[in-house]
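Below are the chains, spelled out letter by letter.
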Amino acid sequence: GDSVTQMEGPVTLSEEAFLTINCTYTATGYPSLFWYVQYPGEGLQLLLKATKADDKGSNKGFEATYRKETTSFHLEKGSVQVSDSAVYFCARAYNTDKLIFGTGTRLQVFP
Amino acid sequence: DVKVTQSSRYLVKRTGEKVFLECVQDMDHENMFWYRQDPGLGLRLIYFSYDVKMKEKGDIPEGYSVSREKKERFSLILESASTNQTSMYLCASSYHRTGQPQHFGDGTRLSIL
């Protein structure tokens, strides 16, 4: 069935390091893809999205490119900050209105 | 900005109680959702509503029911709470259009003793 697979965490980085969190999906067609972020004690916030192949979503220094050929939507940031410490969820749309989420990847950034 | 408000951040109830979790959104969204979030399992959809008085079961509806009497409000009901329903519950809303993001509330951490 349809699914989203994320790399398991935690991902531990020093401040200013480069970040990649891998996400792959299964799908027929071209579903919209999303990255959400969850800070401690809060709900999920939309970080970025892409709606078609080769689209690049970006926000707050984070980027992800919709790769149809590899069914991937990896999240990247060139220089992480301590304030980026959070749990990151990859998601894809299905059946028009619903989302399938990955299990989340915890990022810990140390000064 | 979209505002999705869940009535309680923390809630403690006893086994067998009837529990109500309330969610209100202010963006006139057609769709509303209830998820539960558990470590290692990500988010799992409990129920979905695409219009007033309309509902659809999600992946894990057993032990839950929902009510949507007004467009802005979506309630999750635990008919007879059990300890395995201890979890974080998240409400979300979205427009009824392909590819629309969902907007989330801050969550209710529910403990059933």
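Residues numbered from 1 in each chain as written. Chains lettered and ligands numbered in written order. Predicted model: local features only at pLDDT ≥ 70, side-chain atom pairs only at ≥ 80, totals over all residues. Heavy atoms only, no water.

Considering the overall build of chain B
Assigned secondary structure in chain B consists of zero helices and eleven strands. Taken from N to C terminus, the helices and strands of chain B fall in the order β-β-β-β-β-β-β-β-β-β-β. Each of the three principal axes of chain B carries a C-alpha extent, and together these read 40 × 30 × 25 Å. When the 113 residues of chain B are sorted by exposure, 48% land in the buried category. Of the contacts made within chain B by residues no fewer than 6 positions apart, 55% connect residues no fewer than 24 positions apart. (Helix = DSSP H or I, 4+ residues; strand = E, 2+ residues; numbered from the N terminus. Buried < 20%, exposed > 50% of the residue type's maximum accessible area, 1.4 Å probe, protein only. Contact = heavy atoms within 4.5 Å.)

Some details on the sheet that holds strand S8 (residues 73–78) of chain B
Residue and element names in this part refer to chain B. Taken in spatial order, the four strands line up as S1-S3-S8-S7 in an open sheet, and their pairing is antiparallel. Unpaired on one side and paired on the other, strand S1 (4–6) and strand S7 (64–70) mark the two borders of the sheet. Along the sheet, successive strands turn relative to each other by an average axial angle of 20 degrees, direction set aside. Pairing of S7 with S8 involves five bridges; the strand directions are antiparallel. For Val66, the partnering residue across the bridge sits in S8 and is Leu76. (Pairing = 2+ DSSP bridges. Axes fitted to C-alpha atoms, helices over the stretch in contact; angles between N-to-C directions.)

Some thoughts on the sheet that holds strand S9 (residues 75–77) of chain A
Residue and element names in this part refer to chain A. Overall, antiparallel pairing links the four strands, which are arranged S3-S9-S8-S7 in an open sheet. Each edge of the open sheet is held by one strand with a lone partner, namely strand S3 (19–21) and strand S7 (56–59). Put simply, the sheet's adjacent strands are angled 20 degrees from each other on average, direction ignored. Direction of pairing for S7 relative to strand S8 (residues 62–65): antiparallel, over a ladder of four bridges. Note on S8: the bridge partner recorded for Lys56 is Thr65.

Honestly, that's just the spatial picture; any functional story needs more than this.
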